[in-house]
Amino acid sequence: MQKSVELNRAVEAAGRLLDQNSIKLANRKVILDLLLQERILTKQEISERTGFSFPTVSNSINSLLQQGLAREAGTADSTGGRKPKLIEFNPNSRFAFGVTIQGQGIRVVRTNIDMQIVDDLEVPMRRGSSAAALIETICSSVSDMICRSGTSIQNFLGIGVAVSGYVNRKAIMIEAASNLGLKNVSLASLADRTGLAVYIENEANAAALAEQRLGIAQGMSNLIYISITEGVGSGMIIDGRLYMGAHNRAGELGHHTVVPGGRICSCGKRGCWERYVAEDVLLNDYRSVTGNDGVGLEEFFADLSEQHPQAAELWERYVSYLVTGLHNIVAIYDPHYVVIGGNIAEYPQYLLPALMKGVFGASSYYQHEDTYILVSELNKDAFILGAAFLPMGTLHARLG
Ligand SMILES: [Zn+2]
């Protein structure tokens, strides 16, 4: 803290020379961050913690009060003299929208600054729906939510969209989402129609962000997120930042080869990891060995817990492929955490012991104390919270 106090004092002093507005803005950001972390403080405490003079703190607080980002919350005990006013962070002063487009439909949520979901809407959509229908559904959902929020549109920071497949962030475009049947679909008109900034991200990348900012891997600078659903998606945070690669296509871990010449994949190659570890693969394989077409994950794991031989054999094979891929990933990236999301993450009691033993058991090189394989706690909300986080991350830029 001492270092940041010194730095803040230096910044304050530099304010005499630099543009006053920029300095005021920088001060406000520092104070907002402190309030966000501590939630409730007196001006005196803010002055002591930041090193800013009392008048500087007062000015910044007045501005944050005016903007609704902070509010007065009674008085603290007096240490002599007048009781100091308490200033409280207001998480319900700004909002963002998160949108996911998945096979079963579109989900739109409204989150507050604490990334709590305060409104949630799911609209079923048929696969192969037109781009116009997609945009119309998102627009009307967002408009409905703004109406029922009872708050002004100025308090909305934007719309973040997460979608499986390749996206063009600059053009706000879905370049290719093969499982949704979408190709070169621009969402740029959403901005004109709603009056809000629009951001787009691959859903596994969005989930990786959510896990790092809000979830089980909070604050970890090296994290691999793997979503196991009908396919296998992944997002990689390396040295604290989402790793995109030269062509924004990094992290296609579902398409790294685990069986040369193996099963044919939708990408055109053979032996891709997702052809062995996707949820659908596990279920389809179990359906074909049992002849029960309707079997789901719950039934599979119920059979596994009763040591049903076909379930046990299939699970052993499934885990071995999962271990092969995870071992490759740990060897290549050396992450702090590997976080697994998707429906299968609802069964950690089966998944985690087998993976930890398989990945680290026979290796003299890696130890499980170095890397933790975990299941997502955000799970189904990881994609959409990551989406909403895209505009929420711009809060600081909008303090002015
Ligand atoms: Zn593939």
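Conventions adopted
Residues numbered from 1 in each chain as written. Predicted model: local features only at pLDDT ≥ 70, side-chain atom pairs only at ≥ 80, totals over all residues. Heavy atoms only, no water. Helix = DSSP H or I, 4+ residues; strand = E, 2+ residues; numbered from the N terminus. Contact = heavy atoms within 4.5 Å. Areas by Shrake-Rupley, 256 points an atom, 1.4 Å probe, with all protein chains shown as cover. Lys, Arg positive; Asp, Glu negative; His and termini not counted. Charge placed at Lys NZ, Arg CZ, Asp CG, Glu CD. Donors = N, O, S within 2.8 Å, 3.2 Å for Na, K, Ca; no water. Tetrahedral: all angles 85-135°; square planar, octahedral: opposite > 155°, others 65-115°. Buried < 20%, exposed > 50% of the residue type's maximum accessible area, 1.4 Å probe, protein only. Core = buried A, V, L, I, M, F, W, Y, C linked by side-chain atoms within 4.5 Å. Pairing = 2+ DSSP bridges. Axes fitted to C-alpha atoms, helices over the stretch in contact; angles between N-to-C directions. Domains from an automatic or database assignment. Buried area = accessible area lost by both parts, 1.4 Å probe. Salt bridge = Lys/Arg side-chain N within 4 Å of Asp/Glu carboxyl O. Polar contact = N/O pair within 3.5 Å; in protein donor to acceptor, adjacent residues only side chain to side chain.

Trainee: I tried to follow the overall build of the protein chain on my own but got confused; where do I start?
Mentor: When you go through the protein chain residue by residue, the secondary structure sums to 13 helices and 16 strands. With the C-alpha coordinates of the protein chain rotated into their principal frame, the extents come out at 80 × 55 × 40 Å. Restricting the contact set of the protein chain to residue pairs at least 6 apart, pairs at least 24 apart contribute 60%. Summing over all exposed atoms, the protein chain offers an accessible surface of approximately 19,200 Å²; the carbon and sulfur share of this is 49%. Considering the protein chain, the positive charge centre built from 35 side chains and the negative charge centre built from 41 side chains are found 9 Å apart.

Trainee: Honestly, the coordination of the zinc ion in this entry has me stumped. Any pointers?
Mentor: Under ideal tetrahedral coordination, the four donors around a metal are separated by 109.5 degrees; under ideal octahedral coordination, the six donors are separated by 90 or 180 degrees. Those protein atoms acting as donors to the zinc ion are H255 (ND1), C265 (SG), C267 (SG) and C272 (SG), and they sit at 2.0 to 2.4 Å. Classification of the site at the zinc ion rests on its four donor atoms, whose angles at the metal span 104 to 120 degrees, yielding the label tetrahedral.

Trainee: Whenever I open this one, unusual backbone geometry confuses me. Can you help?
Mentor: Keep in mind that most residues, glycine aside, have a negative phi and that most peptide bonds are trans. In the Ramachandran plot, N248 falls in the positive-phi region, its phi being about 60 degrees despite a non-glycine side chain. Inspection of the secondary structure assignment puts N248 in the loop between β14 (241-242) and α8 (274-277). Given a relative accessible area of 40%, N248 falls into the partly exposed group. Even without being glycine, N379 reaches a positive phi, approximately 35 degrees. Take N379: it is sitting in the loop between β16 (372-375) and α13 (382-392).

Trainee: When you look at the nonpolar core in this model, what are you seeing that I'm missing?
Mentor: The tendency in soluble globular proteins is for nonpolar side chains to be buried as a group. Counting 43 residues, the largest nonpolar core has F300, W315, L326 and I373 as its most contacted members. Broken down by element, this core gets its largest block of residues, 10 residues, from helix α11 (residues 309-333). Leaving out residues up to four positions away in the same chain, L326 has contacts with I226, W273, V338, I340, L355, V359 and I373. Core analysis: the second largest hydrophobic core is formed by 30 residues, I146, L182, V185 and L196 among them.

Trainee: Just checking my understanding: could you explain the sheet that holds strand β11 (residues 198-202) for this structure?
Mentor: Each strand in a sheet pairs with its neighbour through backbone hydrogen bonds, running either in the same direction (parallel) or in the opposite one (antiparallel). The mixed open sheet is built from five strands, whose spatial order is β6-β5-β4-β7-β11. The open sheet is flanked by β6 (117-124) and β11, the only strands paired with a single partner. For this sheet, the mean inter-axis angle between neighbouring strands, taken without regard to orientation, is 20 degrees. Pairing of strand β7 (residues 156-163) with β11, which is carried by five bridges, proceeds in the parallel orientation. Note on β11: the bridge partner recorded for G160 is Y199. Along the sheet, helix α7 (residues 203-213) contacts β4 (95-102), β7 and β11; its crossing angle with β11, the most-contacted strand, is approximately 100 degrees. Where α13 meets the sheet, its contacts fall on β4, β5 (105-112), β6, β7 and β11, and the angle it forms with β4 comes to roughly 140 degrees.

Trainee: Quick question: what am I supposed to make of the domain arrangement of the protein chain here?
Mentor: Where interface size is quoted, it is often the accessible area lost as the parts come together. By the assigned domains, the protein chain splits into domain 1 (2-89), domain 2 (93-207 + 383-398) and domain 3 (218-377). Centre-to-centre, using C-alpha coordinates, domain 2 lies 28 Å away from domain 3. Across the domain 2 to domain 3 interface the summed buried area is about 920 Å²; carbon plus sulfur atoms make up 52%. Connecting domain 2 to domain 3 are one salt bridge. Among the salt bridges present, the one from R249 reaches E175, with a minimum N-O distance of 4.0 Å. Here domain 2 is connected to domain 3 by one residue pair in polar contact (both at pLDDT 80 or more). Broken down by element, the side of domain 2 that touches domain 3 gets its largest block of residues, three residues, from α7.

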